[in-house]
Amino acid sequence: MNGESWRRIATEEAFATRELAGAMRRLVDAGGSSVDLMFWRGLLFREDDDRLANLLDLDERRLATMDANGVDMHVLSLTSPGVQMLDPAEAAEIAADANDQLAAAIARHPGRYAGLAAFAPQDPEEAVREMERSVTRLGLNGFIVNSHTDGEYLDQPKYWPILEAAEALGAPIYIHPRSLPDEAVGPYRDHSLWTAMWGFAAETGLHGMRLIVSGVLDRFPKLKIVLGHLGEGIPYWVYRIDHMYPKMARRHPVRIELAPSEYLKRNFVITTSGMNHHPALEYCLQVLGPDNIMWAIDYPYQAMDEAVAFMDGAPISDADRRKIYSLNALREFRITG
Ligand code: MN
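> Where do I start with the side chain of Ser-34 in this structure?
Within the secondary structure, Ser-34 is located in the loop between α1 (18-29) and α2 (35-45). Under the relative-accessibility criterion, Ser-34 is labelled buried at 10%. There is a polar contact of 3.2 Å between the side chain of Ser-34 and the backbone nitrogen of Asp-36. For Ser-34, the residues in contact, after removing those within four places along its chain, are Met-85 and Asp-182.

Following this line, the structure appears as C-alpha cells:
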C-alpha cells in the first residue's frame, strides 16, 4: 500500500512466456507480411530494446519498478496478439501453460498481481474449458482477447459460447488491441498508421462497436467487456452513434433493445492505458461516470512514472481517483488479495 488511501492497481499490464515468445519467433522466421509479425520482429530483434526482457519477467525486475513508482498491483495479461495467430492445438497448449505460469506468479507474490486468463478463440469449445479452469481452479480474474482472430470477431455466433461462459463465470473479457486483419490493413500500412498511433484503436474500437450493435449484449446482458485507451475512441463518438443507429436500424435483421450508449455504460469498463491526457479523462468521466473507468499503465510499452503522475495529478475528486485507481478494479476483477 502506498501512503495514500488507495492502492494503485494497474489493469492492462503485459507479460509473455518463453513458450509464446518461441512460437512467435517461429512465425516471424517463417516470413509473412502480417503487421502483427512486424510488431513481434521489433520485440525480438530490435537493439536497445528491453521490452521483451520486461515482458518475460514477473519477479524482481518488474516488482522493483513497481515499488519505485508506488504501484501496488499489476493485473497481468499475455501480450498481444496472445496465442491468436497460432494453430489451434498449439494455441490452446500455450494459453493453458501461460495461465499456469500466471497463477504461479500471483501465488509467489501475494497482493502484487492479479491475472487475466488467455484462451484460444480458434477452438471455442476448448476455449470455454480453459476459461472455466482458469477461474474456478486457478482463481484468475478475467480474460484477455487480443481483438480479432483470423479476421473474425466475438459477436459472430461461433464465439457465443465464449461470451456465455464469461457471463456465467462473472468474469470480464478485456479486449486488447492487435493489428487489423490482413484483409483490412492495406491503407494502414503507410506512415506507421497500423500501429498504436491509430490502427490498434481503429481495430479494437470496431470490435467494441460490433459487440454493441450486433445484439449479443441483449443475449448476454451481464457480460462485462473492458476496453483500454479510454475506450478506443467509442466514448468520443457516442452522441453520433446514438444519433445514427436508429436511422440505420431498418437495414438490420436484429434490432438492439437499448441505445448504443446504454450498452457502453452497462456492459463496458474502460481503462486509461497509454492515454495520460487529462482532458480525455475528464470527458470520459463526464460521459461514463466514475464507476466505469480503471487505471492502467500498459507496461512495458508505456512508462510507469508517467501513468502515476497522470493519475496522481488528475484534476478530479479524490473519491473518483480512488475508484479509478482501485475500487473499480477490485469490483470488476473480484480481486481479493
Ligand atoms: Mn496494452
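> What exactly am I supposed to notice about the packing of aromatic side chains here?
Given two aromatic rings, one states the distance between the centres and the angle between the planes to describe the pair. Counted under the stated rule, the structure contains 8 aromatic pairs. Plain terms: the ring middles of Trp-194 and Phe-200 are 6.3 Å apart, the flat faces sit at 55° to each other, and that makes the pair tilted. There is no split in this pair, since Trp-194 and Phe-200 are both buried.

> Sorry if this is basic, but what is going on with empty space enclosed by the protein here?
Where empty space is left can be seen by rolling a probe of water-molecule size over the atoms. The full count for this structure, using the stated rule, is 2 cavities of 30 Å³ or more. Looking at the largest cavity, the residues that line it are Glu-12, Ala-14, Ser-77, Leu-78, Thr-79, Ser-80, Ile-144, Asn-146, His-176 and Asp-298. Among the elements of the structure, β1 (9-15) and β2 (73-78) are those that each provide at least two residues to the lining of the largest cavity. Per-class residue counts for the lining of the largest cavity are 3 nonpolar, 5 polar and 2 charged. What the second largest cavity holds in volume is close to 30 Å³. Lining the second largest cavity are Leu-78, Gly-82, Val-83, Gln-84, Ala-118, Phe-119, Ile-144 and Asn-146. Its residues assigned to classes, the lining of the second largest cavity shows 5 nonpolar, 3 polar and no charged.

> I'm lost on the layout of surface pockets in this one. Help?
Reported here for the largest pocket is a volume of approximately 980 Å³. Ala-196, Trp-198, Ala-201, His-229 and Glu-232 are the residues nearest the centre of the largest pocket, which is lined by 38 residues in total. If you list the elements that add at least two residues to the lining of the largest pocket, you get α2, α8 (199-213), α10 (229-232), α11 (234-248) and α13 (278-288). Counting residues per element, the lining of the largest pocket draws most heavily on α8, at 6 residues. Going through the elements one at a time, α5 (88-108) and β3 (113-118) are the ones with two or more residues in the lining of the second largest pocket.

Reading guide: rules and limits
- Residues numbered from 1 in each chain as written.
- Predicted model: local features only at pLDDT ≥ 70, side-chain atom pairs only at ≥ 80, totals over all residues.
- Heavy atoms only, no water.
- Helix = DSSP H or I, 4+ residues; strand = E, 2+ residues; numbered from the N terminus.
- Buried < 20%, exposed > 50% of the residue type's maximum accessible area, 1.4 Å probe, protein only.
- Polar contact = N/O pair within 3.5 Å; in protein donor to acceptor, adjacent residues only side chain to side chain.
- Contact = heavy atoms within 4.5 Å.
- Phe/Tyr/Trp six-rings, centres within 6.5 Å; stacked < 30°, edge-to-face > 60°.
- 1 Å grid on protein atoms, 1.4 Å probe; cavity = no way out; pocket = protein on both sides within 12 Å on 5 of 7 lines; lining within 4 Å.
- Points joined across faces, edges and corners; volume = space filled by probe spheres on them.
- Nonpolar A, V, L, I, M, F, W, Y, C, P; charged D, E, K, R; others polar.

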